[in-house]
Every structure is written in structure tokens, then in C-alpha cells.
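The chain contents come next:
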Amino acid sequence: MQSALRDLLSDWSLFLGWLLLMLPSLVWVLRDLTTSNAHLAPMMKWVWGLTTLYSGIVGLLVYRFAGRRQIADNRDARKGLRSVAHCYSGCGLGEFVGVVLAVGLLALGNFATAIITFFFAYLFGFLLTVGPMLQAGSDDKRKVIQDAFRSETASIFVMELVAISVDLWLGGRSGMHDALFWNSMVISLSLGLLAAWPVNVWLVKRGIKGGMADPRETDPHAQHHAHC
């Protein structure tokens, strides 16, 4: 099975097909973020843009299900999905940096690649959580860091365990010049996102994570009409 999947993913046309789906998905999300959902916080706009950039049509579906003011309700599944997308936007960038550094520049083996990739994914995901809170001027910086560690570690661990394992299992010793390298990364990133979703739902249900703001409640225009 592994050999058959690697043969399939070694075709550049598959990656080209993914790009042809990702680009219009990204354009749609960015357009929606500047028109129908321009009220969203700048951080969340980055989250949805990066999520779609990493996962293409999967990112688009995630945004439509959980990220827009047009959602029908704010059940835990949507809260968890917004939470995991926020985590994913940082971890995905960190994973890309780690893999490119370990494979593209240092030509390291799978074990070293896994360690370096996890380090950068955790670092970027953690900073994306802590950074905005510290920038907002939180008085208790130690508590901010402790809360971020408590709320993000399980999500990042599951996400990266799945993403890195799948990437190495499929990509093996492929290099950046191989279609297998890029196709494996695309698949592994999206699988990591989906794997961490139920973890984030669990964290939200127990109040460990907030699930990010309800996009309907951050729309001042909608709130104005609600009070009329």
C-alpha cells in the first residue's frame, strides 16, 4: 500500500491539480474576508488565509463551517474548528520551515527531521497564541505563558504527531525537487488539522480553550440590527 501511494504521489500533475483547487479557494476566502466578513479581527483573517493556503479546499470548507458570521449556530464543533485552525496557522508554517530546513538544506534523516519539524511547529504555534496576548499588554506574562502551554500542547502534539508521521511515511527520503515531497506535505498537513479537531472540541467543552470568538458576535452591524 505504501509503495502504491508513493507511486501515485510522485506525479507532478497531482500537485498541479491541488494548486488549481487551492488558488481559487484562497481567492474566495480572501474576497469574503474583505467583503462579507470584513469585521473579523486581523489575526483571524490571517488564520483563515493561512489555513486555506495550506489545505486548499479543505481550508475553504473549514472557514465556511466555522469562521463566518453566516454560520447558523456556535456549537462546540465550530468552536473547536476555529480553535484548531488558529493553532494550525502557526504550526503549519513552523512545520514547513522545519521540513525545508531539515530536508532541503541539511539533508537529515527521518528521525532528525521529525525532531526539528516538531520543534518549529510547536514554537510557531505557541508564539501565535502567546504573542497577541502579550502584545495586548497582559500584566501577568507568566500566567499567559502557562495558560498557553496548558491549552495548546495537547492540540499541537496530536496535530504534529499525525502530520509528521504521515509526511515521513509517505515522503520518506524524497527531496524538495520531487513531487512526492510536496504532495506528502499537503496531505499530512490537512490530516494533522483534522486529527486535532476532536482534541480541540474536548478542550473547548472543558473550558481549557475558548474556541476563538463567535464571528457573529464580533460583527457590530449585525449586533446593531439585533438590538433594533
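The residue count restarts for each chain, going from 1 along the sequence in the order it is written. Only residues with pLDDT of 70 or above have their local features reported here, since the model is predicted, and side-chain atom pairs are shown and tallied only from 80 upward, although totals for entire chains, interfaces and linings are computed over all residues. Side-chain numbers come from the whole structure's heavy atoms, not from hydrogens or water.

Before going further, it helps to spend a moment on the overall build of the protein chain. Within the protein chain one finds 9 helices and 0 strands. Only C-alpha atoms enter the radius of gyration, while the globule expectation follows 2.2 Å times N to the 0.38, with N the number of residues. Here the C-alpha atoms of the protein chain give a radius of gyration of 18 Å, agreeing with the 17 Å that 2.2 N^0.38 yields for 228 residues. C-alpha atoms of the protein chain, sized along the principal axes, occupy 60 × 40 × 25 Å. The buried share of the protein chain, reckoned over its 228 residues, is 45%. Looking at the protein chain alone, contacts between residues at least 24 apart form 72% of all its contacts between residues at least 6 apart. Computed by Shrake-Rupley with a 1.4 Å probe, the accessible areas treat only the displayed protein chains as cover when residues are assessed. As displayed, the protein chain has an accessible area near 11,600 Å², and 68% of this comes from carbon and sulfur atoms. His is not counted here, nor are the chain ends, while Lys and Arg score as positive and Asp and Glu score as negative. In this description, the location of a charge corresponds to atom NZ of lysine, CZ of arginine, CG of aspartate or CD of glutamate. Averaged over its 19 positive side-chain charges, the protein chain has a centre that lies 6 Å from the centre of its 16 negative ones. For the purposes of this entry, the term helix denotes a DSSP run of H or I that reaches at least four residues, the term strand denotes a run of E that reaches at least two, and both are numbered from the N terminus. The rule is simple: take the accessible area with a 1.4 Å probe, protein chains only, and divide by the maximum for that residue type; under 20% is buried, over 50% is exposed, in between is partly exposed. Two residues qualify as a contact provided that any one of their heavy atoms is within 4.5 Å of a heavy atom in the partner residue.

Turning our attention to the side chain of T117. Along the chain, T117 falls in helix α6 (residues 110-135). Among the residues examined, T117 registers a relative accessible area of 2% and is labelled buried. Here the side chain of T117 touches T113 through a polar contact of 2.7 Å, landing on its backbone oxygen. Those residues in contact with T117, other than ones at most four positions away along the chain, are G94, E95, G98, V99 and I164. Distance and chemistry together define a polar contact, namely a pair of N or O atoms within 3.5 Å, with one atom able to donate a hydrogen and the other to accept it when in protein, and with adjacent residues in sequence counting only for side-chain atoms on both sides.

Under the pairing criterion, centres of Phe, Tyr and Trp rings, with the six-membered ring standing for Trp, must be within 6.5 Å; the plane angle then separates stacked pairs below 30 degrees from edge-to-face pairs above 60, leaving the rest tilted. The tally for this structure, following the rule as stated, stands at 14 aromatic pairs. Judged by centre distance (6.1 Å) and plane angle (75°), the rings of W12 and F15 are edge-to-face. Pair noted here: W12 and F15 are both in helix α2 (residues 12-34), with a separation of 3 residues, about one helical turn. Residue class for F15 comes out buried when judged on its relative accessible area of 14%.

With respect to the helices, strands and loops of the structure, W197 is situated in helix α8 (residues 179-205). Ignoring any residue separated from it by four or fewer positions in sequence, one finds W197 in contact with F65, A77, G80, L81 and V84. Engagement of the side chain of W197 in a polar contact is seen with the backbone oxygen of A77, the distance being 3.0 Å.

The next point concerns the packing of α2 against α8. Where α2 meets α8, the axes come as close as 9 Å, and the angle between the chain directions of the two elements is 40°. On the basis of their axis angle, the class for α2 and α8 is oblique. Seen along the crossing, α2 lies across α8 with a hand that is left-handed. For the pair α2 and α8, contact is made by W12, L14, F15 and W18 and by A179, W182, N183 and V186, respectively. Only the stretch in contact is used when a helix axis is fitted, and all axes are lines through C-alpha atoms; the angle between N-to-C directions ranges over 0 to 180 degrees. Angular relationships are summarised with four words: roughly parallel below 35 degrees, roughly antiparallel beyond 145, roughly perpendicular across 65 to 115, and oblique for the angles in between. Should the near helix be turned anticlockwise from the far one by less than a right angle, the crossing is left-handed, and should it be turned clockwise, the crossing is right-handed.

The largest bend along helix α7 (residues 141-171) reaches roughly 40° and is located at E152. Positioned one or two residues after α7, G172 has a phi angle of 55°, which is positive. At every residue, the bend is computed as the angle between two fitted axes, covering the seven residues ending there and the seven beginning there respectively.

Salt bridge, as used here, is a side-chain nitrogen of Lys or Arg placed within 4 Å of a carboxyl oxygen of Asp or Glu. Inspection of the entire model under this criterion finds 6 salt bridges. One salt bridge in this structure joins K209 and E152, with 3.3 Å as the shortest N-O distance. Here E152 lies in helix α7 and K209 lies in the loop between α8 and α9 (220-227), a separation of 57 residues in the sequence. With a closest N to O distance of 2.7 Å, R216 and D214 form a salt bridge. The exposure class of R216 is partly exposed, given its relative accessible area of 28%. With a relative accessible area of 6%, D214 lands in the buried category.

Honestly, that's just the spatial picture; any functional story needs more than this.
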